[in-house]
Amino acid sequence: MLLRTNGKTTTTTLLGELLKTLQQNVGIGGNIGEPLCDEVMRVGSTGCVAAEISSYQLESVSKFKPHIAAVLNVTPDHIARHGSVDAYQKVKERIFQQQTKADYLVLNYDDVRTRSMAARACGKVMFFSRLETLKEGAFIQDNYFVIIGNQQIYRICAVKDMQIKGGHNVENALAAISIAFLAGVDTIAMVEVLKNFAGVEHRITGTEDGGWEGGGGGKEG
């Protein structure tokens, strides 16, 4: 099962489409319409779920342990509730606090607060960046999506080939392909998904994070 964290509906939905190239039994839930518990029950222990988890939900978790979690950014969206950006960040970090060395944490290298979470990660960290060329991780090079991992370089497709446009959607796509890569999705299979994905209706920008849990059990993001 695979799960993912809060706010980035576009990233979560795109991730779900990418995971469908890996197996048939895929759920998409959280803050997207379908209750997460219903999707988890529907797909069962042999399926996977791309899940969007909000910071409000993370306030009350104690045993939430995604195999792959992702945090896309830290912005002052919910200061009235959390009191400060620092407090808001601490809540977001609950998404990976139960992970082990066998798990993964995907982080946005371009966001300073998000990048700093690597120092507190319990699992293996994979960065993505729209602005920097990374030694390992997912980034843009010569206007192409590129992933460096498993001691190999994977050139996926041109940014212009995506239907969804804008820098924020490039970041959404980088996050989704990073998680999908760690889940075992073939980089060749990613190409058609990125080219055909038309986005989520009424969604232009996103402000929160994401993650997922994978394998025979589950995931968060």
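Trainee: Got a minute to help me understand the nonpolar core in this structure?
Mentor: Across soluble globular proteins, nonpolar side chains show a tendency to be buried alongside one another. Ranked by size, the top nonpolar core spans 38 residues in total, and within it Phe145, Ile147, Ile156, Ile177, Met190 and Leu194 carry the most contacts. Among all residues touching leucine 194, those that are not within four sequence positions of it are Leu14, Phe145, Ile156, Cys157, Asp161, Met162, Gln163, Ala173 and Ile177. Within the second largest apolar cluster, 23 residues are counted, among which are Leu36, Ala51, Val146 and Ile148.

Trainee: I would appreciate a short explanation of the confidence of the model for the chain in the present structure.
Mentor: The predicted structure's coordinates, where accompanied by low pLDDT, should not be read in detail. Within the chain, residue pLDDT values average 84, and 82% of them lie at 70 or more. Contacts from residues 3-7, a stretch scored under 50 in pLDDT, to residues over four places away or in other chains number 53 contacts. Scored below 50 in pLDDT, residues 204-221 shows 124 contacts in the model against residues more than four places distant or in partner chains.

Trainee: Is there a simple way to think about the packing of aromatic side chains in this case?
Mentor: When we look at a pair of aromatic rings, we describe it by the centre distance and by the angle of the planes. In the structure shown here, the tally under the stated rule is two aromatic pairs. For arginine 115, the ring lying beneath its charged end belongs to tyrosine 109, and the centroid distance is 4.4 Å. Taking NZ or CZ as reference, arginine 155 lies 3.8 Å from the ring centre of tyrosine 144, over its face.

Trainee: Can you help me understand the pattern of salt bridges in this one?
Mentor: Oppositely charged side chains are able to pair whenever their charged atoms sit close together. Throughout the structure, instances matching the rule amount to seven salt bridges. Among the ionic pairs, aspartate 161 bridges to lysine 160, the shortest N-O distance being 3.6 Å. Aspartate 161 gets classed as partly exposed once you look at its relative accessible area, which sits at 28%. Judged by its relative accessible area of 67%, lysine 160 is exposed.

Trainee: Sorry if this is basic, but what is going on with the pairing of strand 4 (residues 104-108) here?
Mentor: One face of the sheet, then the other: side chains in a regular strand alternate in exactly this way. Counting buried positions over the five residues of strand 4 gives four, a clear majority of the element. The pairing of strand 3 (residues 68-71) with strand 4 spans four bridges and is parallel. In the strand pairing of strand 4, isoleucine 68 is matched with tyrosine 104. Bridge count between strand 4 and strand 5 (residues 124-129): five bridges; the pairing is parallel. Each bridged residue has a counterpart across the sheet, and for leucine 105 the counterpart in strand 5 is valine 125.

Trainee: Mind showing me how you'd approach the side chain of serine 178 here?
Mentor: With respect to the helices and strands, serine 178 occurs in helix 7 (residues 167-183). Apart from residues no more than four positions distant in its own chain, serine 178 is found in contact with Val106, Met126, Phe128 and Ala138.

Trainee: Teacher, can you tell me more about the side chain of asparagine 169 here?
Mentor: Turning to its location among the elements, asparagine 169 is positioned in helix 7. Given a relative accessible area of 8%, asparagine 169 falls into the buried group. Polar side-chain contacts of asparagine 169 include one of 3.4 Å to the side chain of histidine 168. Within polar-contact distance, the side chain of asparagine 169 engages the side chain of asparagine 172 at 3.0 Å. Once you skip the residues sitting within four places of it in the chain, asparagine 169 turns out to touch Thr10, Met162 and Ile164.

Criteria and thresholds
- Residues numbered from 1 in each chain as written.
- Predicted model: local features only at pLDDT ≥ 70, side-chain atom pairs only at ≥ 80, totals over all residues.
- Heavy atoms only, no water.
- Core = buried A, V, L, I, M, F, W, Y, C linked by side-chain atoms within 4.5 Å.
- Buried < 20%, exposed > 50% of the residue type's maximum accessible area, 1.4 Å probe, protein only.
- Contact = heavy atoms within 4.5 Å.
- pLDDT = per-residue confidence, 0-100.
- Phe/Tyr/Trp six-rings, centres within 6.5 Å; stacked < 30°, edge-to-face > 60°.
- Lys NZ or Arg CZ within 6 Å of the ring centre and 35° of its normal.
- Salt bridge = Lys/Arg side-chain N within 4 Å of Asp/Glu carboxyl O.
- Helix = DSSP H or I, 4+ residues; strand = E, 2+ residues; numbered from the N terminus.
- Pairing = 2+ DSSP bridges.
- Polar contact = N/O pair within 3.5 Å; in protein donor to acceptor, adjacent residues only side chain to side chain.

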